[in-house]
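# Architecture and fold: a report
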Amino acid sequence: MGLNIITYFLYTNMKFTLYTSEADERPIFITGNFNTWNPKDYNFQLTKSDTHNYFIEINDEILSDIVEFKFTKGGWENVELDKYGSITPNKKVLKSAKTVSHNVEKWRFNWGPFKEEFYPIVEIISEEFYIPQLERHRKVWALLPYDYYVSDKSYPVLYLQDAQNLFNEGSPYGNWEIDKKLSLLAEYGRGDLIVIAVEHGSEDRIKEYIFDNDSVAKGSEGKKYIRFIADTLKPYVDLNFRTKRDRENTGIGGSSLGGLISIYSGFLYPEVYSKLMIFSPSLWVEPQNNFPLLSFRNPYNIKIYLYGGELEGSRMVKRIRVFENNLQKWEYKKLFNFEFKTNINPEGTHNEFYWSQEFPKAVEWLFYNNEGNPAEFAPQLQSEDLNYEAND
């Protein structure tokens, strides 16, 4: 009898039931402080009872006394919302409740909906910003926080390549929708960031984004291009906008060749950049990772957010893993102090849609040191009161 009692206590479950009026084919997951806030953990996928009702039972041995959680449809880009389409604070219940019921009225879909009142202020710095290092001109944009002109704050800055594909509608390859994603981050209290977007050079793009490899691009001009960003554009931006000028508040990034040239920028100008946002980098240009590395008496700290998709080609992920290993070797040699996070999307292909999905996550990690559930950390939000009552 005593053994049966012990077994009973070891395998007691807590039951979560969910009703949602907004039904679609996406599976529903529960995430929380019991699974390190993994929003798509198949161990915590809810069972569908009918079109609108779901449930899951969780072994209470893995639950804290206070269970903190949220529902998602497979990612933070598909998280629950309230009936107004606004973010919800984390739910909190006592484990002793045993059974809890909840209602979700709306869900995000690919990060949307986006609230116009949080959209960044988009300004053209110049239609023809002069690049003395290359003796040519380029269109450069600034995306300022939505409240930039009604505040006196200074802001960190992120420099991004390929502006044509970042937010402008009508791009032949789609775009990252960073204006929408910045509005989302602002809604979550993560909007204090200026983005400087530099358009690529069209027919000169490959030459400008290849550092020094004439076998790939004859007359490669990457050395001059990264000097332009660090020595010409950044001083102009710091003079004309309220920026935090130090390296700790300056990042650079891009995708594909734009990601590759951003790696060079970070490694050769570590006194300028401390944060690198590297999506699907064209590491095939440097398969041996022969990046020029400077030696410093006190190695610089650099944060690198790496992203790649498994469907981008057979070698994309392999090359990212080799690059990770080299980061560790370079750190061991005390050339740099790297902090890096890698996200590999098993469904990701080489296009703007997936980079768009990754952008808010990268900003959160690089500039806010957050990789979990963002709503709980938003300063204007407070979590729900603890639910001390079991639902019958």
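Shown above is the structure to which this text applies.
Scope of this entry: the structure provided in the associated data block. Treat the numbers as computed from the prediction; the structure is a model and nothing was measured. The numbering scheme is per chain: residues are counted from 1 as the chain's sequence reads. Reporting in this predicted model follows two pLDDT cut-offs: at least 70 for local features of residues, and 80 or more for side-chain atom pairs to be given and counted; totals over whole chains, interfaces and linings ignore these cut-offs and use all residues. Heavy atoms throughout the structure, all of them, feed into the side-chain values; hydrogens and water do not.

## Some remarks on the overall build of the protein
Each helix is a run of DSSP H or I of at least 4 residues and each strand a run of E of at least 2, with the numbering of both proceeding from the N terminus. A count of helices and strands for the protein gives seven helices and 17 strands. In summary, the protein has a C-alpha radius of gyration of 23 Å against a globular reference of 21 Å for 392 residues, a match within 12%. If one aligns the C-alpha atoms of the protein with their principal axes, the spans along those axes are about 80 × 45 × 40 Å. Once local pairs closer than 6 in sequence are excluded, the contacts in the protein between residues at least 24 apart make up 75%. For every accessible area listed, the method is Shrake-Rupley and the probe measures 1.4 Å; residues are considered covered only by the protein chains on display. As displayed, the protein offers around 18,100 Å² of accessible surface, 48% of which is attributable to carbon and sulfur atoms. Charge convention: Lys and Arg are scored as positive, Asp and Glu as negative, and His as well as the terminal groups of each chain are ignored. One atom stands in for each charge, and that atom is NZ of Lys, CZ of Arg, CG of Asp or CD of Glu. Side chains of the protein carry 44 positive and 56 negative charges; the gap between the two charge centres is 5 Å. The globule rule used here is 2.2 Å times the number of residues to the 0.38 power, and the radius of gyration it is set against is calculated over C-alpha atoms. Pairs of residues are marked as contacts when any of their non-hydrogen atoms sit within 4.5 Å.

## Structural notes on the side chain of K70
By secondary structure assignment, the location of K70 is in strand β5 (residues 66-72). Summary of buried charges: K70 has no salt-bridge partner, and the nearest side chain of opposite charge, E80, is 6.0 Å away. What qualifies as a polar contact is a pair of N or O atoms within 3.5 Å, subject to a donor-acceptor requirement within protein and to the restriction that residues adjacent in sequence count only when both atoms come from side chains. One polar contact links the side chain of K70 to the main-chain carbonyl oxygen of T88, over a distance of 2.5 Å. Burial classification: accessible surface area is computed with a 1.4 Å probe over protein chains only, and a residue below 20% of its type maximum counts as buried, one above 50% as exposed, and the rest as partly exposed. Any carboxyl oxygen of Asp or Glu that lies within 4 Å of a side-chain nitrogen of Lys or Arg is treated as forming a salt bridge with it.

## Considerations on the packing of helix α4 (residues 222-240) against helix α5 (residues 257-268)
Angles run from 0 to 180 degrees between N-to-C directions of axes, and those axes are lines fitted to C-alpha atoms, restricted for helices to the stretch in contact. With their axes 10 Å apart at the nearest point, α4 and α5 run at an angle of 65° to one another. Like other packed secondary-structure pairs, α4 and α5 cross with a definite hand, here right-handed. Contact with α4, carried on its side by G222, Y225 and I226, involves I261, Y264, S265 and L268 of α5 and no other residues of that element. By convention, the crossing between two helices is left-handed when the near helix turns anticlockwise from the far helix through less than a right angle, and right-handed when the turn is clockwise.

## Re the sheet that holds strand β4 (residues 53-59)
When DSSP finds at least two bridges between two strands, those strands are taken to pair. With mixed pairing, four strands are arranged side by side in an open sheet as β3-β4-β1-β8. The strands lining the two open edges of the sheet, one partner per strand, are β3 (47-48) and β8 (99-104). Across seven bridges, the pairing between strand β1 (residues 13-20) and β4 is antiparallel. Residue pairing for β4: T17 is matched across the bridge by F55.

## Focus on the packing of aromatic side chains
Classification of ring pairs uses Phe, Tyr and Trp, with its six-membered ring standing for Trp, and accepts pairs whose centres are within 6.5 Å; under 30 degrees between planes counts as stacked, over 60 as edge-to-face, and the remaining range as tilted. Taken as a whole and assessed by the stated rule, the structure comprises 31 aromatic pairs. With centroids separated by 5.2 Å and ring planes inclined at 80°, the aromatic side chains of F29 and Y42 adopt a geometry described as edge-to-face. With F29 in strand β2 (residues 29-32) and Y42 in the loop between β2 and β3, this residue pair connects regions lying 13 residues apart in the sequence. Taking relative accessible area as the criterion, Y42 reaches 55% and is therefore assigned exposed. An aromatic cluster is defined as three or more aromatic residues linked by ring pairs; in this entry it consists of F211, Y264, F267, F291, F323, W330, F336 and F338.

## Let's talk about the sheet that holds β2
Here we have three strands laid out as an open sheet, ordered β2-β5-β7, and antiparallel in their pairing. At either margin of the open sheet sits one strand with a lone partner, and together these are β2 and β7 (91-94). On average, each strand axis in the sheet is inclined to that of its neighbour by 40°, with strand direction left out of account.

## Re the pattern of salt bridges
In a structure, side chains of opposite charge can pair up when their charged atoms sit close to one another. A complete count under the given rule lists 20 salt bridges for this structure. Linking D24 and R26 is a salt bridge whose minimum nitrogen-to-oxygen distance equals 2.9 Å. Using a relative accessible area of 24% as the deciding quantity, one classes D24 as partly exposed. Of the charged contacts in the structure, one is a salt bridge between K139 and E127, with a shortest N-O distance of 3.6 Å. Placement of the pair is K139 in strand β11 (residues 136-144) and E127 in strand β10 (residues 121-131), with a sequence separation of 12 residues.

## Here we look at α5
It helps to recall that an α-helix has 3.6 residues per turn; residues three or four apart then point in one direction. Residue count minus one, scaled by 1.5 Å, sets the expected span of a helix. In this model, α5 (12 residues) spans 17 Å end to end at C-alpha, consistent with the 16 Å of a helix rising 1.5 Å per residue. Along α5, 12 of the 12 residues are buried, which leaves the element largely enclosed by surrounding structure. When we look at burial in α5, the residues that qualify are L257, G258, G259, L260, I261, S262, I263, Y264, S265, G266, F267 and L268.

## Quick notes on the pairing of β1
Every regular strand shows the same layout, with side chains that alternate between the two sheet faces. In the sheet, β1 pairs with β8 via six bridges, with the strands oriented parallel. Each bridged residue has a counterpart across the sheet, and for K15 the counterpart in β8 is T99.

## Quick word on the nonpolar core
Soluble globular proteins: nonpolar side chains tend toward being buried together. Ranked by internal contacts, the top residues of the largest apolar core, which has 54 residues, are I196, L233 and F267. Beyond its immediate chain neighbours, meaning those up to four positions away, L233 contacts F129, V140, Y159, I196, V198 and F228. Definition of nonpolar core: a set of buried residues of the types Ala, Val, Leu, Ile, Met, Phe, Trp, Tyr and Cys, connected through side-chain atoms within 4.5 Å. Within the second largest apolar cluster, 26 residues are counted, among which are W141, L160, M277 and Y354.

## Describing the packing of helix α2 (residues 178-187) against helix α7 (residues 352-368)
One way to put it is that α2 packs onto α7 with a least axis distance of 10 Å and a crossing angle of 40°. Considering the angle they form, α2 stands oblique to α7. With respect to the hand of their crossing, α2 and α7 are arranged in right-handed fashion. In contact with I178, K181, L182, L184 and L185 of α2, α7 contributes S356, Q357, F359, P360, V363 and E364. Residues that form the contact of α2 with α7 fall into these classes: seven nonpolar, two polar and two charged. We call two directions roughly parallel when the angle between them is under 35 degrees, roughly antiparallel when it is over 145, roughly perpendicular when it lies between 65 and 115, and oblique otherwise. Charged residues are taken to be Asp, Glu, Lys and Arg, nonpolar residues to be Ala, Val, Leu, Ile, Met, Phe, Trp, Tyr, Cys and Pro, and polar residues to be all remaining types, Gly included.

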